[in-house]
Amino acid sequence: MWAYESVFYQIYPLGLCGAPFENDGVLQNRIQKIHDWIPHMKKLGADAIYFSPLFESDTHGYNTRDYKKLDVRLGENKDFKVLCEDLHENNIKVVLDGVFNHVGRGFEPFLDVCRNRENSRYLNWFHIDLNGNSNYNDGLWYEGWEGHYDLVKLNLQNNEVVEYLVDAVAFWIREFDIDGIRLDVAYCLDFEFLKRLRRHVDSLKKDFFLVGEMLHGDYNQRMNDEMLHSATNYECYKGLYSSFNSMNMFEINHSLLRQFGPEQWTLYRGKHLLNFVDNHDVTRVASILSNKKHLPLIYALMFGMPGIPCIYYGSEWGANADKDQGDPALRPCFDAPEYNELTEFISKLAIAKKLSRELNYGDFTSVVLTNKQCIFKRTVDGESVYVCINADEQDYKAYFELKNIQVTDLITGDIMNIDDGLDMPAYSAYWLKINQ
């Protein structure tokens, strides 16, 4: 699967392209702006783009109006088709956000129910009680997603609804040659719907990638051979920043052992979760880390651990934003990408990760662990890469199985001789491979 050897780049297109929050119905080709970001993505080392919602919606993209139409605030379908062709010509895969658990109040079948009530052919597309009333005084009650009544929950046990959604995905594959779908709130989605979707995309395009938004619980319930290929690794997201802020590397190491360790009960050994240090829903990593010198280190750890790394636009140069400022602050418009010392470091990680079979497919073994340092080993077919992190302000000497040997740091390409221990300067990271 191509995704297991890729580096993802997430863009929130309505934000990046400067679209108004409310859908004003005014057609404007804002999506063309992303053409100018392609050289930046390539320089960064990203070879897959994950677009947050871009289907026609009421406001923020997660309240869909039309599953087969680019949001008018971003342009027309033909504009997006040109962009997809440009991305593919530059060897960048395209993954779209599929919001299949709920729709917006502007979704035409829901409007038909509001108009025609029991006479609507779409009545059973939703969870409706004609004897109740909604927060919008519709004269009927409907189930909203987690109490958000601008998000009308779909009835995924209705075969017509499933056919409609599966056909929409087929449309984007057929017309735009997209390479994958990220399923919003996948933890809510009906098992049979996911199985149906997986069978259909498998029949349409080899190696089509399905990744689900999973927050908690056992990801294997929906990440398996019949449903999703991957899931968002929220457990390690929290463990990553918390380990640095509390200077307790035991936390992230515990999560990685639980997910990928050698024990029989390990949850996800052999699986490829989507890893991230931030995204469109959470505080930017540069704002959440208490020590900015940890910024490169958290990326080195995230890229080095099992899974697929995903970078959120702007964070690669250290953009700040706090969740308390509201979602629009997390999803801003940038005039142009920036490239600085952090960006350059991340690009080295991306290139090294993609070229390393050990980092793409290797298992996980903890080698050295203290509060402020961690070293773990990624091994496949007898070959290993050692991911080494010193988060301390002091130098550290690590004593472990590498001694009297020559290694190459995959991040920098530097050759190093290790005698009786590895000398790690303050705030340093290495990916070490033994020279044969």
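Notes on the structure follow. (Residues numbered from 1 in each chain as written. Predicted model: local features only at pLDDT ≥ 70, side-chain atom pairs only at ≥ 80, totals over all residues. Heavy atoms only, no water.)

1. Some words on the sheet that holds strand β23 (residues 428–434)
Phase 1: Spatially, the six strands line up as an open sheet ordered β16-β17-β18-β23-β20-β21, and their pairing is antiparallel. Both edges of this open sheet fall to β16 (363–369) and β21 (415–418), since each of them pairs with a single strand only. Averaged over neighbouring strand pairs, the angle between their axes works out to 30° when direction is ignored. (Pairing = 2+ DSSP bridges. Helix = DSSP H or I, 4+ residues; strand = E, 2+ residues; numbered from the N terminus. Axes fitted to C-alpha atoms, helices over the stretch in contact; angles between N-to-C directions.)

2. So, the packing of aromatic side chains
Phase 1: Using the criterion set out here, one finds 34 aromatic pairs in the structure.
Phase 2: Ring centres of Tyr122 and Trp125 lie 4.9 Å apart, and the angle between their planes is 85°; on these two criteria the pair is classed as edge-to-face. Each member of the pair Tyr122 and Trp125 is classed as buried.
Phase 3: The ring of Tyr136 has Arg105 lying over it, and the distance from NZ or CZ to the ring centre is 3.9 Å. (Phe/Tyr/Trp six-rings, centres within 6.5 Å; stacked < 30°, edge-to-face > 60°. Buried < 20%, exposed > 50% of the residue type's maximum accessible area, 1.4 Å probe, protein only. Lys NZ or Arg CZ within 6 Å of the ring centre and 35° of its normal.)

3. So, the state of the cysteines
Here, the word disulfide means a covalent bond between the sulfur atoms of two cysteines.
Phase 1: Applying the stated criterion across every chain yields a total of zero disulfides.
Phase 2: Here Cys84 is not disulfide-linked; the sulfur of Cys17 is the nearest cysteine sulfur, at 13 Å.
Phase 3: Residue classification places Cys84 among the buried residues on the basis of a relative accessible area of 1%.
Phase 4: The structure places no disulfide on Cys333, whose sulfur is separated from the nearest cysteine sulfur, that of Cys17, by 7.5 Å. (Disulfide = S-S within 2.5 Å.)

4. Remarks on the side chain of Asp112
Phase 1: By the element assignment, Asp112 lies in helix α4 (residues 108–116).
Phase 2: Residue Asp112 is classed as buried on the basis of its relative accessible area of 15%.
Phase 3: In contact with Asp112, not counting residues within four places along its chain, are Arg117, Ser120, Arg121 and Tyr122. (Contact = heavy atoms within 4.5 Å.)

5. Some points on empty space enclosed by the protein
Phase 1: Per the counting criterion, the structure on display carries one cavity of 30 Å³ or more.
Phase 2: Considered as a void within the structure, the largest cavity measures approximately 90 Å³ in volume.
Phase 3: As for the largest cavity, its lining consists of Gln10, Tyr50, Arg182, Thr232, Tyr234, Leu274, Phe276, Asp278, Asn279, His280 and Cys310.
Phase 4: Partitioned by chemical class, the residues of the lining of the largest cavity number five nonpolar, four polar and two charged. (1 Å grid on protein atoms, 1.4 Å probe; cavity = no way out; pocket = protein on both sides within 12 Å on 5 of 7 lines; lining within 4 Å. Points joined across faces, edges and corners; volume = space filled by probe spheres on them. Nonpolar A, V, L, I, M, F, W, Y, C, P; charged D, E, K, R; others polar.)

6. What about the pairing of β16?
Moving residue by residue along a regular strand, the side chains alternate between the two faces of the sheet.
Phase 1: Of the pairings in the sheet, the one linking β16 to strand β17 (residues 373–380) comprises six bridges and is antiparallel in character. Residue pairing for β17: Leu369 is matched across the bridge by Cys374.
Phase 2: Taking the residues that link successive antiparallel strands as the turn, the β16-β17 hairpin has three residues.

7. What to know about the sheet that holds strand β10 (residues 148–153)
Phase 1: Strand order in the open sheet made by the three strands is β6-β10-β9, with antiparallel pairing throughout. What marks the edges here is a single partner per strand, and that holds for β6 (102–104) and β9 (144–145).
Phase 2: One ladder, built from three bridges, connects β6 with β10; its direction is antiparallel. Directly across from Gly104, in β10, lies its bridge partner Leu151.

8. As for unusual backbone geometry
Phase 1: Positive phi, normally seen in glycine, also occurs at Asn404, with a value near 50°.
Phase 2: With respect to the helices and strands, Asn404 occurs in the loop between β19 (396–398) and β20 (405–409).
Phase 3: Of the residues examined, Asn404 reaches a relative accessible area of 65% and is grouped as exposed.
Phase 4: Notably, Tyr427 is not glycine yet its phi reads approximately 50°, a positive angle.
Phase 5: Mapped onto the elements, Tyr427 comes out in the loop between β22 (422–424) and β23.

9. A closer look at the nonpolar core
Phase 1: Core analysis: the largest hydrophobic core is formed by 139 residues, its most contacted members being Phe8, Phe80, Leu183, Tyr299 and Leu301.
Phase 2: No other element matches the 10 residues that helix α5 (residues 159–176) contributes to this core.
Phase 3: In contact with Leu183, not counting residues within four places along its chain, are Gly98, Phe100, Leu189, Phe193, Leu194, Leu197, Leu210, Val211, Gly212, Glu213 and Leu228.
Phase 4: Counting 14 residues, the second largest nonpolar core, distinct from the first, contains Tyr386, Cys388, Val407 and Met424. (Core = buried A, V, L, I, M, F, W, Y, C linked by side-chain atoms within 4.5 Å.)

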